[in-house]
Amino acid sequence: MSVERVGISRACAHCPDPGHGKPHFADAPELDYSVSHTRGLIVLAASTGTRVGVDVESGSREIEPAGMTRLLASEPELRALSSTATALEPQALFRLWARKEAVVKLTGHGILQVPFTALSVDGPTARLDSPPPGWPEEPVHVTDLPLGDGVFAALATTCADPEVTVTELRRVADLAL
């Protein structure tokens, strides 16, 4: 199959809008995939056995920790963060951010349907008190990906024990275009 023949659809599974849903291969519905990028690094997750969502964040960005915490953390996460020395450390916030993005990328819901402050990802599975229509019936498992210092990445799956292979193929900055 040539690149010209790969059909990628962005039809939303949760509303009639055809242009903002989770990307998927129109001719291969059995293959679920997710892509994320930051600062010259691209992460791809793909599976025929589980739904997937992936996110990668660069920890080198400047953030205002207190403001980001208010926009990002759920009540249980706020309690957990305030009970540790890492409460407002950017690393803890980038980790939460990557985990939440991976979950909503798996489900295909936007931040208006699933506000980050309503979603808890501080454990092995995502928790949401009032899931919107189309939320997976099975638990959404969240795994941190080991991509090195200053990079925070997470994989969300509907499989309890996904087989994960992390391979650095090439950094975008190294490509000769």
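As a reminder, the structure under discussion sits directly above these lines.
Residues numbered from 1 in each chain as written. Predicted model: local features only at pLDDT ≥ 70, side-chain atom pairs only at ≥ 80, totals over all residues. Heavy atoms only, no water.

1. As for a nonpolar patch on the surface
Where nonpolar side chains cluster on the molecular surface, the patch consists of V35, I42 and L44 and spans about 290 Å² of accessible area. Inspection of the secondary structure assignment puts I42 in strand β4 (residues 41-47). The class of I42 is exposed, set by a relative accessible area of 53%. (Patch = residues over 30% accessible without salt bridge, like charges linked within 9 Å, V, L, I, M, F, W, Y side chains within 5 Å. Areas by Shrake-Rupley, 256 points an atom, 1.4 Å probe, with all protein chains shown as cover. Salt bridge = Lys/Arg side-chain N within 4 Å of Asp/Glu carboxyl O. Helix = DSSP H or I, 4+ residues; strand = E, 2+ residues; numbered from the N terminus. Buried < 20%, exposed > 50% of the residue type's maximum accessible area, 1.4 Å probe, protein only.)

2. So, the pattern of salt bridges
As enumerated under the stated definition, the model contains 5 salt bridges in all. The salt bridge partner of D55 is K105, with a shortest N-O separation of 3.3 Å. A residue pair is termed long-range when its members are at least 10 positions apart, and D55 in strand β5 (residues 52-58) and K105 in helix α3 (residues 90-107) qualify at 50 residues. The class of D55 is buried, set by a relative accessible area of 3%. Its relative accessible area of 23% is what places K105 among the partly exposed residues. Linking D122 and R127 is a salt bridge whose minimum nitrogen-to-oxygen distance equals 2.7 Å. Relative accessible area serves as the criterion here: at 33%, D122 is assigned to the partly exposed category. Via salt bridges that share partners, R95, R99 and D144 belong to a single interconnected network.

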